[in-house]
Amino acid sequence: MEEGIFEQRTDLGKLNAAVNQIKATLGTIIVGQQDSIDLLIAGILADGHVLIEGVPGVAKTLTAKLIAKAIDAQYSRIQFTPDLMPSDVLGTSVFNPKTIDFEFKQGPIFGNIILIDEINRAPAKTQSALFEVMEERQVTIDGHNYKMQEPFIVLATQNPVEQEGTYRLPEAQLDRFLFKIEIKYPSLEEEIRIVTQQHQHKTNDQLAEVKPILSKEDIISLRNQVRGFHVEPKILEFVAKVIHETRNNKSLYLGGSPRASLAVVNAAKALAAIKGRDFVTPDDVVWVAPAVLRHRIMLTPDKEMEGVSPDDIIKQIIQKIEVPR
Amino acid sequence: MRFYLYLILFILGINAGFGAEKKAHAAKHEKAVLKVDSASAVDVRHFDQSVLNTYRKKPEFQYKEATADISGWTRFWRWFWHWLDSLFSSKPAKGLPTFWDIFWRIFKILLLALGVGALIFFIFKAQGINILGIFRKKATGAPIPYSEFFEDINTINFDGEIEGAIAKGNYRFAVRLLYLKCLKHLTDAGLIDWQIDKTNGVYISELKNQQQQEAFRMLTLQFEYVWYGELLIDQQAFKTIDSSFKDFNKQVA
């Protein structure tokens, strides 16, 4: 958090306290991954869904579960498998012999914080079932609309597509995720800390130690606060230029959508909130851009074969655009 | 016991040999009988020529292979390969080759190489592939067709501009100019490397001196609140900010 040299237009006291508490709680269990935790908190504040990608065993699910536990809201978990059907996620109409009528039985998607574990193990048919609910926060079944409760956050984990038994998620679905967080292997020092920490806590259930920090109402209120943050027009222009450039870049087969532009702005606002500011700086935009764009853009086949990553291209694009100052 | 078995088999074998010899001898003495066909004379029949001619005219019975005319394209390739062969063939010419014969031959080969090279270049160019990049060790990155007017801090008359902004009461703009001036000072002192794509955070991290870094971080924060945060400041607040920038610039110089 940055020093309060100027009087804030917005009272960020509660937000800052909550952010610090979440970070401290998660820090006792999760070693490292500070950027990932910041992005997860930013995702919640920006009213976005988060996709966490990493090889097995890097605490993707644990991180998501901890964040979910830090919020006092209805939590449900769905384990995506190759034989999962859309009705297993959304729900289905069941005939009730007593009333001689069909009754809608809600699926696990009806909740506030939904943890979809290993999302890319289900085929495209099941993935498609999430399109409406992720974007419009509603489910339409048998001609009836079922609205989701606020807040509605999807935290999904996935293995890289190179892993066995995984499917590539449809572009339309990827675009619905605010961030794609890539969790890498820990450093040697971090690995030693993980082993030591686990050894010391071997008899305790670490998840049980986490107590809710934010309520549903808190999240709704904080989101409204963050939405009203100030963004200098030149910074909005900067964001638009970055996204526009992704559509004209020869290394990219698919560029960012207008939804991506909005996502960058919202994410930058949330990051500013985490840093204790009520306005966005170019640093915020540059910091969130890779996480917002890496899953929305598609490299051309030749660039993929060269081993270029989406992050490399995003970096190149940003380097060519003047930072507003 | 085995002995008796061998003996019986031996006797039976001799007996069989004698039997076969006796049969062959009897066959030698049988008379050959020639059978003659004594039926009526053979009536030789012939095909009807008119019917045969009718059949021959039908396309179903035309077994001659159709030979297509050689197209111009095929003729061109035949000529091309023949010409290429003549260029590189080592057949001895009639008599000793003259200097001009050798020169002309080398010239034709060079011309051909140039033509092939140009063709490859244009194909790559049309595909948008940087042909020079193929021979480099690592790809230099995607070319970005983006250009715009960049503000160069080295060409701005800061003192004049700041005075002008203060005179107009535009303190927000004056703070921006103070910050840009500070960046120029740091660049001139070789403490940071000014680039259009660098954010303020990058410049802070480029400062190695801890004290300078902390001081510059505070100045950056002031600039960000006033410029990006659009925080309104009066003359008094501006004076405070101005003096902190001046102090820092003195430190750097």
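See the structure above.
Residues numbered from 1 in each chain as written. Chains lettered and ligands numbered in written order. Predicted model: local features only at pLDDT ≥ 70, side-chain atom pairs only at ≥ 80, totals over all residues.

Glancing now at the overall build of chain B. The number of helices and strands found in chain B is 10 helices and 0 strands. Starting at the N terminus, the α and β elements of chain B follow one another as α-α-α-α-α-α-α-α-α-α. Looking at chain B as a whole, 12% of its 253 residues qualify as buried. Put simply, of all contacts in chain B between residues at least 6 apart along the chain, 54% involve residues at least 24 apart. (Helix = DSSP H or I, 4+ residues; strand = E, 2+ residues; numbered from the N terminus. Buried ≥ 20, exposed ≤ 12 C-beta atoms within 10 Å, placed from the backbone. Contact = placed C-beta atoms within 7 Å.)

Here we take up the overall build of chain A. Helix and strand content of chain A: 14 helices and 13 strands. For chain A, the residues scored as buried account for 42% of the 325 residues in total. Sequence separation of at least 24 residues holds for 78% of the intrachain contacts in chain A that already meet a minimum separation of 6.

Here we come to the pairing of strand E5 (residues 101-106) of chain A. All names here are of chain A. Little of E5 is tucked away, with 0 of its 6 residues classed as buried. Sheet topology places strand E4 (residues 91-96) next to E5; 6 bridges connect them, and they run antiparallel. Bridging from a neighbouring strand, Asn96 pairs with Asp101 of E5. Linkage of E4 to E5, two consecutive antiparallel strands, is achieved through a turn of 4 residues, within which Ile100 is found at a positive phi near 50°. (Pairing = 2+ DSSP bridges.)

The next point concerns the pairing of strand E9 (residues 153-158) of chain A. Residue and element names in this part refer to chain A. Within E9, 6 of the 6 residues are buried, which leaves it mostly tucked inside the rest of the structure. Burial along E9 is two-sided: the face carrying Ile153, Leu155 and Thr157 and the face carrying Val154, Ala156 and Gln158 are both buried. Bridge analysis of strand E1 (residues 49-53) against E9 gives 4 bridges, and the strand direction is parallel. By the bridge assignment, Leu51 is partnered in E9 with Ala156. Here strand E6 (residues 113-117) pairs with E9 via 4 bridges, running parallel. Bridge pairing in E9 places Ile114 opposite Val154.

Quick look at helix H9 (residues 210-227) of chain B now. Residue and element names in this part refer to chain B. The terminal C-alpha atoms of H9, which comprises 18 residues, lie 25 Å apart, in line with the 26 Å expected from a rise of 1.5 Å per residue. For H9, the set of buried residues is Phe216, Leu219, Thr220, Leu221, Gln222, Phe223, Glu224, Tyr225, Val226 and Trp227. If you follow the buried residues of H9, they end up packed against helix H7 (171-188), helix H8 (200-206) and helix H10 (235-252). (Expected span 1.5 Å × (residues − 1).)

This part takes up the nonpolar core. Among the nonpolar cores identified, the biggest contains 114 residues, and A:Leu155, A:Val264, A:Ala267 and A:Val292 are the most heavily contacted of them. Take this core: its biggest share by element is 11 residues, from helix H11 (residues 258-274) of chain A. (Core = buried A, V, L, I, M, F, W, Y, C linked by C-beta atoms within 7 Å.)

The subject of this paragraph is the packing of H11(A) against helix H12 (residues 282-293) of chain A. All names here are of chain A. Here H11 crosses H12 at 130°, and the two axes come no closer than 9 Å. When the axes of H11 and H12 are compared, the pair comes out oblique. The two elements H11 and H12 cross, and the hand of that crossing is right-handed. Counted together, Ala260, Ala263, Val264, Ala267, Ala268, Leu271 and Ala272 of H11 and Asp284, Val285, Trp287, Val288, Ala289, Val292 and Leu293 of H12 form the full contact between these two elements. Grouping the amino acids of the contact of H11 with H12 by side-chain chemistry returns 13 nonpolar, no polar and 1 charged. (Axes fitted to C-alpha atoms, helices over the stretch in contact; angles between N-to-C directions. Parallel < 35°, antiparallel > 145°, perpendicular 65-115°, else oblique. Left-handed = near helix turned anticlockwise from the far one by under 90°. Nonpolar A, V, L, I, M, F, W, Y, C, P; charged D, E, K, R; others polar.)

Residues and elements named next belong to chain B. It is at 11 Å that the axes of H9 and H10 come closest, and there the two elements cross at 150°. As far as their axial angle goes, H10 and H9 are roughly antiparallel. Like other packed secondary-structure pairs, H9 and H10 cross with a definite hand, here left-handed. Facing H9, whose interface residues are Gln212, Ala215, Phe216, Leu219 and Gln222, H10 presents Ile241, Ser244, Phe245, Phe248 and Gln251. Of the residues belonging to the contact of H9 with H10, the class tally is 6 nonpolar, 4 polar and no charged.

Keep in mind these numbers describe shape, not what the thing actually does.
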